[in-house]
Amino acid sequence: MASRLPVHSHARTFDIRYGWIAVSAFVGVYIGTRYGIDVGPALFGAQIVYTGTILAAAVLLTMGALRSPAGSRARRSWLLLGLSAGFIFLGESVFSAAVLSGHEASEAWTVLFDVANLGAAVSLVAALVVDSGIGRFGWRRGARLTLDALALITLAFAVFYRFWSERLPGEASLADASRLAAYCVLAGVIFVGGITTFGRRGARDLMHNRLLAYALTVLASGIALWAGTELAVGPSAQVIVGVSNTLMLASYGVMVLAAVARLNERNVATAAPLVPPSAWPGVIASTLVFASIVWLGVLALGADQGSVAAEFYLVAVSVAAVCVVGRTYLTYAEADELDRRSLTDPITGARGPRSFWLQSDALISATERQSRMPCLIDLDLDDFSRVNASRGYTVGDHDLTAVARALEHATGGASGVYRMRGNEFAVLARVRDPDEGMVLARSLLAAVRAAATSSALTASVGLAVYPVDAQDSEALLLSARHAAVWAKRHGKNRVVRFEPRIGSALSARDPFALPGEQAKADMARALLAAADARDPANHTHSRNVAALARLLAEDLGLDTERTKRVEMAAILHDVGKIALPDVMLGGRTLTFQERTVAREHPELGERLLDSLAVEGVGRWVRAHHENWDGSGYPDGLSGDDIPVEARVIALADAFDGMTMGKRYGAPMSHAAALQEIDLGIGVRFDPDLAERFIRVVATMGALGWSDEWGTA
């Protein structure tokens, strides 16, 4: 939503009361000299007051325009207002010269007067259009509004001709009715335009805009009354003319006040907030035009053939119909353009999410007729938030665009590249088998690394193939995203192909979801949140250990409930570190005394988890640092005395700690970490469980634990 304009400070105060007094005085002088004194010099003096006020308005409005920045909407609209007043001054000067020379009936003077008035009307309407900001909404919408206006004006002429032509004095002509309609339409446009532009929300915060809205309202009233002179006869016509002239003089006097107020303001806003366009005006206009076309068609059929009325009604119907056809075409063209824009990402130029869903559904639907299978590659740029935070969003957008182009180039245009959200891209392609998909995914990862960006970028890449890994487009995207998340959690900058075990480990099921035990679940979540807040660097580690422990527990064939409790204990295995001093959580090498204190965290964790009263969880956390040979802590348990669940957590904790560098050193490769576990068989680790863990991890290179395509 657009915000309101701030209230601006003033360099010099402008007391509007004196301005209203001056305008009232000029209007009083005009009325007195124009209608109170019936001599020639008095009429000339009244015309001097009238034209002088309009000239002052033209000059001051132009000067006021220069207060706004060059090229701004405010400057253009005020210049057009000044031009409109200038045309009126020219027309009134021509009229005065014609009257003084006795040639007021001359056709040449009449043409000059009409041309000046036409220029004033066009300039004034243009000022309202410019200040309304229609150009900001696109040329098609502006063209539609123009066609609507043309159709409604044409129909207004027809209405006046149908209902008021008989009331015109003398022999009414088509030109008379058209002139009457034109005055009324112009008055309506000025009245509505003045309120919706200078008088709209936000613009009213500035005095000069309020004064302009008042001036245009009064001017519209004067023009409407002038149109009424065509219908009035006798003394009433003279009264209407006098009131109309007085109102128009007052309107230009208020414009002078608006210009003075603008010139006295130090800081002037360039434009008021734009109000989003509504569909209702177009609907109402279309309904009126359609109904009027039908009505005018009936009138044309009922009029005498060959008469002026029949010809006029046919012309009006034709013009309105052409406007409706043109508006319909523009509406269709705009809808088509908006549809194309909705399929494209505005920053990178790649296809957007909506395009992805359309193309993926079509690709899967055509699979039965194709020998190749659809595959989806999800690329999540690693640590991209740091680029935005350190170098700004402009650089970030540039990098995203470079990545999109690199992916397009790598696929050769044969595959679709989509920006799904933030720093996530997806590539849809057809492959002969999953191995070909892995080759393509690795080439895309290489393209991201080699992208000519201002930052060194890598990506966590997930691959899923239809129908092997998913049965529809939604499940295909979810599977590819799961694989990418797994790659990000286990080293980043690598390719992972989806496997069911990934979906199991990363399922949306809550590890703390204990049926009928909501209070215990809430307490477990609170403990995890406290541990994360105490040691934010441990956030990813605890969740990786939980995922690895779950995989090993499932491989062992533990039942669902027991597996869930193992996962809970694994994610909370370091909760006892909440009680450790801050200096021991920084990742530095600990002293002997600090290591002694650190070894207390399993016991502290058990005490905290005992409050949950979940069977086994506290005991397993206490024992997850026990070694197979009895050299562990805190109780020196050995062999089968160590709970099997604690042995599972110990293997997962050791592997993820070594690969993430949690053991106060550089991160190990996955192969080196597995070798360390192998060396620890019978010493630190249960021989059977360790061999099973090595087999599970070593045979799951697709899960991101292979060193192939690792850190570049």
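Residues numbered from 1 in each chain as written. Predicted model: local features only at pLDDT ≥ 70, side-chain atom pairs only at ≥ 80, totals over all residues. Heavy atoms only, no water.

It is worth spelling out the packing of helix α24 (residues 670-679) against helix α25 (residues 687-698) at this point. Axis separation between α24 and α25 bottoms out at 10 Å; the angle between their running directions is 165°. Classed by the angle they form, the pair α24 and α25 counts as roughly antiparallel. Seen from above, α24 lies across α25 with left-handed handedness. Residues Leu674, Ile677 and Asp678 of α24 form the contact with α25, whose own contacting residues are Ala690, Phe693, Ile694, Val697 and Ala698. (Axes fitted to C-alpha atoms, helices over the stretch in contact; angles between N-to-C directions. Helix = DSSP H or I, 4+ residues; strand = E, 2+ residues; numbered from the N terminus. Parallel < 35°, antiparallel > 145°, perpendicular 65-115°, else oblique. Left-handed = near helix turned anticlockwise from the far one by under 90°. Contact = heavy atoms within 4.5 Å.)

As a general point, the strands of a sheet are linked pairwise by backbone hydrogen bonds and lie either parallel or antiparallel. Strand order in the open sheet formed by five strands is β2-β3-β1-β4-β5, with mixed pairing between adjacent strands. Looking along the sheet, the strands with just one partner apiece sit at the ends: β2 (416-421) and β5 (494-497). Neighbouring strand axes in the sheet, compared pairwise and without regard to direction, differ in orientation by 25° on average. Where strand β4 (residues 459-465) meets β5, four bridges bridge the pair, whose relative direction is parallel. Along β5, the bridge assignment pairs Ser460 with Arg494. (Pairing = 2+ DSSP bridges.)

Let's shift gears to helix α12 (residues 384-391). Inspection of α12 places Phe384, Val387 and Asn388 among the buried residues, and these make up the whole buried set. The arc enclosing the buried residues of α12, seen along the axis, measures out at 95°, which places them on a common side. Along α12, exposed side chains directed more than 90 degrees from the buried face belong to Ser385, Arg386, Ala389 and Ser390. Here the buried face of α12 lies against β1 (373-381) and α13 (393-411). Looking one or two residues past α12, Gly392 carries a phi angle of roughly 100°, positive in sign. (Buried < 20%, exposed > 50% of the residue type's maximum accessible area, 1.4 Å probe, protein only. Arc of directions from axis to C-beta.)

Tracing the backbone through its elements, the reader meets Ile571 in helix α19 (residues 560-571). Along the primary structure Ile571 and Asn544 are separated by 27 residues, whereas in three dimensions their C-alpha atoms are 8.1 Å apart.

In a regular helix each residue adds 1.5 Å, so 18 residues correspond to 26 Å; helix α18 (residues 539-556) covers 26 Å between its end C-alpha atoms and thus fits that length. Looking one or two residues beyond α18, the residue adopting positive phi is Gly557, at roughly 85°. (Expected span 1.5 Å × (residues − 1).)

Before going further, it helps to examine the pattern of salt bridges. As enumerated under the stated definition, the model contains 18 salt bridges in all. One salt bridge in this structure joins Asp469 and Arg497, with 3.4 Å as the shortest N-O distance. With Asp469 in the loop between β4 and α15 (473-489) and Arg497 in strand β5, this pair connects stretches of sequence that are 28 residues apart. Taking the relative accessible area as the measure of exposure, Asp469 reaches 15% and is therefore buried. Linking Arg622 and Asp635 is a salt bridge whose minimum nitrogen-to-oxygen distance equals 2.7 Å. Here Asp635 lies in the loop between α22 (617-622) and α23 (644-660) and Arg622 lies in helix α22, a separation of 13 residues in the sequence. Residue classification places Arg622 among the buried positions, given a relative accessible area of 19%. Linked by salt bridges that have partners in common, Glu603, Glu606, Arg622 and Asp635 make up one network. (Salt bridge = Lys/Arg side-chain N within 4 Å of Asp/Glu carboxyl O.)

Just distances and angles here, no functional claims.
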